[in-house]
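Listed here are the chains, written in short residue letters.
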Amino acid sequence: MKETLQNYNLHETRKSKKKKIRFWIIISSLSVIFLIMVFIVKAAISWSGLNVSGVNFLNQTNIANSSLLSYLEKDMMRNKLRAVFGPENILFWSLGHKPNYLYDLPSVKNLNVGLNLFRRTISIEASPRTPYGVVCEATSTSCFVFDDQGVIFSSSPSVQGPLILSINDFTGRHFILGESILPDKSWFENLINTLKIMKQNDFSVSEIDIDDLSLREWRIKTMTGPDFYFSFNFIPDNLSYILSNLSSRMNFSKISYVDFRVPERIYYK
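Given the structure is predicted, the values throughout are model-derived calculations rather than measurements. (Residues numbered from 1 in each chain as written. Predicted model: local features only at pLDDT ≥ 70, side-chain atom pairs only at ≥ 80, totals over all residues. Heavy atoms only, no water.)

S.K.: Kindly report on the sheet that holds strand β4 (residues 133-137), identifying the contributing residues and their values.
M.R.: The mixed open sheet is built from nine strands, whose spatial order is β6-β5-β4-β7-β8-β9-β10-β11-β12. Edge positions in the sheet fall to β6 (152-156) and β12 (267-268), since each has one partner strand and no second. Where strand β7 (residues 165-169) lies against strand β8 (residues 205-210), three bridges are found, and the strand directions are parallel. Directly across from Ile 167, in β8, lies its bridge partner Ile 208. Running at roughly 25° to strand β9 (residues 217-222), helix α5 (residues 185-200) makes contact with β5 (143-146), β7, β8, β9 and β10 (227-231) of the sheet. (Pairing = 2+ DSSP bridges. Helix = DSSP H or I, 4+ residues; strand = E, 2+ residues; numbered from the N terminus. Contact = heavy atoms within 4.5 Å. Axes fitted to C-alpha atoms, helices over the stretch in contact; angles between N-to-C directions.)

In structure tokens:
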């Protein structure tokens, strides 16, 4: 019995030694692989054969090419793997997803980054946002330009008249470049499509007022006719026909407002 236990202990000791040897072999192998990888990465970073040979621009914005490149590199450096190589290395531009929008440059609507690994060249195509209207904070003197998606992208002087869409915001908000003038995309779409219908029916819009977002309503002021009240939640059904019908039946110069804020109801005074 005693001899059996001794043989068992000896067997277990040998197994334990084998496990330790295997463990250290694995650790050593991983260490060697890691060192090889570090060497390869360092070689790739330092090898001048991977340096970017040129950057080509198709820049339709008013932003200088150097500034555009600087903001783009800053955005891409947020990726830690890219940051290891740096923008001078072509691998920096070949890794991961390329940004198509820069939060620090809201005046750039679309950005396309391409590369040619064989020639080690980068191509950057940037298109600007097109002004659609101006929104002004009624509680201050600050005004901003926004595009057809409602995105604010630059400051602006105050404007008047029907040539440029002007929105007066009385909500007390302070606008930030890159943000939308309305919290819900569908609200802005309803506003824009309503304006198109108004213009199709020859109503000359002088300005728009937004008083309280919690009420989800807005007001159109026309050049010679009444004010029109609408809800952000919907566009009135058959609005074009209704406006045409009202124009033929009413003298708008004697009406102060027309209210479309309630679905399937029209109020006027």
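S.K.: Can you lay out the sheet that holds strand β2 (residues 108-116) for me, pointing to particular residues and giving the numbers?
M.R.: A sheet is described by the order of its strands in space; here three strands give the open sequence β1-β3-β2, paired in mixed fashion. Either end of the sheet is taken by a strand with one partner, and the two such strands are β1 (54-59) and β2. In this sheet, adjacent strand axes meet at a mean angle of 15° when their direction is disregarded. Strand direction decides the pairing type here: β2 and strand β3 (residues 121-128), joined by eight bridges, are antiparallel. For Gly 114, the partnering residue across the bridge sits in β3 and is Ser 123.

S.K.: Give me the lowdown on the packing of α5 against helix α6 (residues 239-249), citing residues and values where you can.
M.R.: The N-to-C vectors of α5 and α6 enclose an angle of 35°; their axes lie 10 Å apart at closest approach. Crossing handedness for the pair α5 and α6: right-handed. Contact residues: Thr 194, Ile 197 and Met 198 in α5; Leu 239, Ser 240 and Leu 243 in α6. When grouped by side-chain class, the residues that make up the contact of α5 with α6 number four nonpolar, two polar and no charged. (Left-handed = near helix turned anticlockwise from the far one by under 90°. Nonpolar A, V, L, I, M, F, W, Y, C, P; charged D, E, K, R; others polar.)

S.K.: Run through the environment of Val 145, naming residues and quoting values.
M.R.: Turning to its location among the elements, Val 145 is positioned in strand β5. Of the residues examined, Val 145 reaches a relative accessible area of 11% and is grouped as buried. Once residues within four sequence positions are removed from consideration, Val 145 is found in contact with Pro 131, Gly 133, Val 134, Val 151, Ile 152, Phe 153, Ser 154, Ser 155 and Ser 156. (Buried < 20%, exposed > 50% of the residue type's maximum accessible area, 1.4 Å probe, protein only.)

S.K.: Give a description of unusual backbone geometry that names residues and reports values.
M.R.: Positive phi, normally seen in glycine, also occurs at Arg 120, with a value near 60°. Within the secondary structure, Arg 120 sits in the loop between β2 and β3. Positive phi is not limited to glycine here, since Asn 238 has a value of about 55°.

S.K.: Can you lay out the environment of Thr 130 for me, pointing to particular residues and giving the numbers?
M.R.: When you line up the elements, Thr 130 lands in the loop between β3 and β4. Note on Thr 130: relative accessible area 55%, which makes it exposed. In this structure Thr 130 touches Phe 146, Asp 147, Asp 148 and Phe 153, once residues within four positions along its chain are discounted.

S.K.: Describe in detail the pattern of salt bridges, supporting the description with residues and values.
M.R.: Counting across every chain of the model gives 11 salt bridges. For Asp 148, the salt bridge identified is with Lys 109, shortest N-O distance 3.9 Å. Here Asp 148 is found in the loop between β5 and β6, whereas its partner Lys 109 is found in strand β2, with 39 residues between them in sequence. A relative accessible area of 45% places Asp 148 in the partly exposed class. Residue classification places Lys 109 among the partly exposed positions, given a relative accessible area of 26%. Among the ionic pairs, Arg 261 bridges to Asp 259, the shortest N-O distance being 2.6 Å. For Asp 259, a relative accessible area of 8% translates into the label buried. Taken together, the shared-partner salt bridges in this structure form one network comprising Glu 207, Asp 209, Asp 211, Arg 219 and Lys 221. (Salt bridge = Lys/Arg side-chain N within 4 Å of Asp/Glu carboxyl O.)

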